[in-house]
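Tertiary structure, described
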Amino acid sequence: MGPRVVVLGAGISGLSSAVCVQQACPQAQVELVSEHFSPDTTSDGSAGFWEPYLLGGENADLTMRVCETTYRYMFDLAQSPIASVVKAQKLSGYHFYRGIDA
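Residues numbered from 1 in each chain as written. Predicted model: local features only at pLDDT ≥ 70, side-chain atom pairs only at ≥ 80, totals over all residues. Heavy atoms only, no water.

**Concerning the side chain of Ser16**
Structurally, Ser16 can be placed in helix 1 (residues 12-24). Ser16 has contacts with Thr70 and Tyr73, leaving out every residue within four places of it along the chain. (Helix = DSSP H or I, 4+ residues; strand = E, 2+ residues; numbered from the N terminus. Contact = heavy atoms within 4.5 Å.)

**Here's the deal with the environment of Leu77**
When you line up the elements, Leu77 lands in helix 3 (residues 60-79). Other than its neighbours up to four places away in sequence, Leu77 contacts Ile82, Ala83, Val86 and Ala88.

**Let's talk about a nonpolar patch on the surface**
A contiguous nonpolar patch, built from Val6, Leu8 and Val33 and spanning about 290 Å² of accessible area, is present on the exposed surface. Tracing the sequence through the fold places Val33 in strand 2 (residues 29-33). Given the relative accessible area of 36%, Val33 is considered partly exposed. (Patch = residues over 30% accessible without salt bridge, like charges linked within 9 Å, V, L, I, M, F, W, Y side chains within 5 Å. Areas by Shrake-Rupley, 256 points an atom, 1.4 Å probe, with all protein chains shown as cover. Salt bridge = Lys/Arg side-chain N within 4 Å of Asp/Glu carboxyl O. Buried < 20%, exposed > 50% of the residue type's maximum accessible area, 1.4 Å probe, protein only.)

**Side note on the pairing of strand 2**
Bridge count for strand 1 (residues 4-8) against strand 2 is 5 bridges, and the pairing is parallel. Bridged to Arg4 within strand 2 is Gln29. The parallel pair strand 1 and strand 2 is bridged by helix 1, and the resulting crossover is right-handed. (Pairing = 2+ DSSP bridges. Right-handed = clockwise from strand over helix to strand, strands pointing away.)

Laid out in structure tokens, this is it:
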């Protein structure tokens, strides 16, 4: 029996994290815990857009590594033969805002 891993959240970050853990450690028992699951997640409502937001603080390095891993995974998925099946694509664009609320 392999290690037990719990991933919190069933949005794009939680699901991609769970898949990465399962791929890296096939013998692991990965459990996904969330208040909501698809189609009732924030990711479903935002059309699956993903971007890091307000990175900083004492865990900024860890957060950036998680973001980079997630980005690479989703980019590779969008370039894969199953991209049209899973509806994954890379879009460019701009995000406008007036500032950061304190």
